[in-house]
Amino acid sequence: MEQTNGPLQMEHALLFTFLEVSSDCKFKDQLHSLQSQQIMLFQGSDDDELQTDGNRSGHFRNGDVGLAPTNEEVIRIIAAQLAEIGDQFDKEIQERVVNGLVQHFMNENLSNEEITQHMSRAVRELIQAIPSDMEQEKAMLVLAMVLTKKIVNTVPFLLRRVFDTTVNYMNRQFHNYIVDMLGE
């Protein structure tokens, strides 16, 4: 897993909460297990040591992702709103798109970068097919999170790889939008 610190922390919390509150998420037990693994991973050290990539180490506390309580509540509210939109989009996503992405995620010869490119392409194609009167960034963000849910509903053992890839994709494509949306 990539570090869940500063920049990725919001994306991680938003995706986790989106999946947690989404209807028909069939892998909630695995999702909570993934969260627990990540909490243990980041509780290993209390000092804020510099990592080899130049970032500070990330830490989880008390089962959360280290966000202030007000931020957690804001994320929960926004994730619930996005999940409602996602339920509407869910019906519009064709099974072939999901199955194509499943194949890419299962292909161990593909780098995370290549898989991210496939996901980005799928989101761009879907945004053209889904009529929406909302901001394009918001629609694309929701589509990426719905695709994550649909892929992992199809093949639950891909949870970690799909989750981490989506968090990184969200960070690259929508970080500033997420910051603005959360009022950070």
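What counts and how
- What you see as residue numbers is a count from 1 along each chain, following the sequence as written.
- For this predicted model, a pLDDT threshold of at least 70 governs which residues receive local features, and a threshold of 80 or more governs which side-chain atom pairs are given and counted, while totals over whole chains, interfaces and linings are taken from all residues.
- As a rule here, side-chain values cover all heavy atoms of the structure and leave hydrogens and water aside.
- Only the stretch in contact is used when fitting a helix axis, every axis being a line fitted to C-alpha atoms; angles between N-to-C directions are given from 0 to 180 degrees.
- Secondary structure elements are taken from DSSP: a helix is a run of H or I of four residues or more, a strand is a run of E of two residues or more, and numbering for both begins at the N terminus.
- Comment on the angle field: the value is read as roughly parallel under 35 degrees, roughly antiparallel over 145, roughly perpendicular from 65 to 115, and oblique elsewhere.
- Whether two residues touch is decided by their heavy atoms; if any such pair falls within 4.5 Å, the residues are in contact.
- Put simply, Ala, Val, Leu, Ile, Met, Phe, Trp, Tyr, Cys and Pro go in the nonpolar bin, Asp, Glu, Lys and Arg in the charged bin, and everything else, Gly too, in the polar bin.
- As a per-residue measure, pLDDT reflects the predictor's confidence and takes values from 0 up to 100.
- Each reported salt bridge corresponds to a side-chain nitrogen of Lys or Arg within 4 Å of a carboxyl oxygen of Asp or Glu.
- Think of it in three bands: with a 1.4 Å probe and only protein chains considered, a residue is buried below 20% of the maximum accessible area for its type, exposed above 50%, and partly exposed in between.

## As for the packing of helix 4 (residues 95–106) against helix 5 (residues 112–129)
Direction vectors running N to C along helix 4 and helix 5 enclose 170 degrees, while the axes themselves pass 10 Å from each other. Classified by the angle between their axes, helix 4 and helix 5 sit roughly antiparallel to one another. Here helix 4 contributes Val 97, Leu 101, His 104 and Phe 105 to the contact with helix 5, which in turn contributes Ile 115, His 118, Met 119, Ala 122 and Leu 126. By residue class, the composition of the contact of helix 4 with helix 5 is seven nonpolar, two polar and no charged.

## Remarks on the confidence of the model for the chain
With 78% of its residues at a pLDDT of 70 or more, the chain has an overall mean of 83. In this model residues 1–5 is a low-confidence stretch, pLDDT under 50, and it forms 24 contacts with partners more than four residues away in sequence or in other chains.

## A word on the pattern of salt bridges
Under the criterion given, the structure shown has six salt bridges. Asp 90 is paired through a salt bridge with Lys 149; the nearest N and O atoms lie 3.7 Å apart. Taken together, the positions of Asp 90 in helix 3 (residues 69–90) and Lys 149 in helix 6 (residues 136–154) put the pair 59 residues apart, joining distant regions of the chain. Classification of Lys 149 by relative accessible area gives buried; the value is 1%. Lys 150 is the salt-bridge partner of Asp 90, the closest N and O atoms lying 3.3 Å from each other. With Asp 90 in helix 3 and Lys 150 in helix 6, this residue pair connects regions lying 60 residues apart in the sequence.

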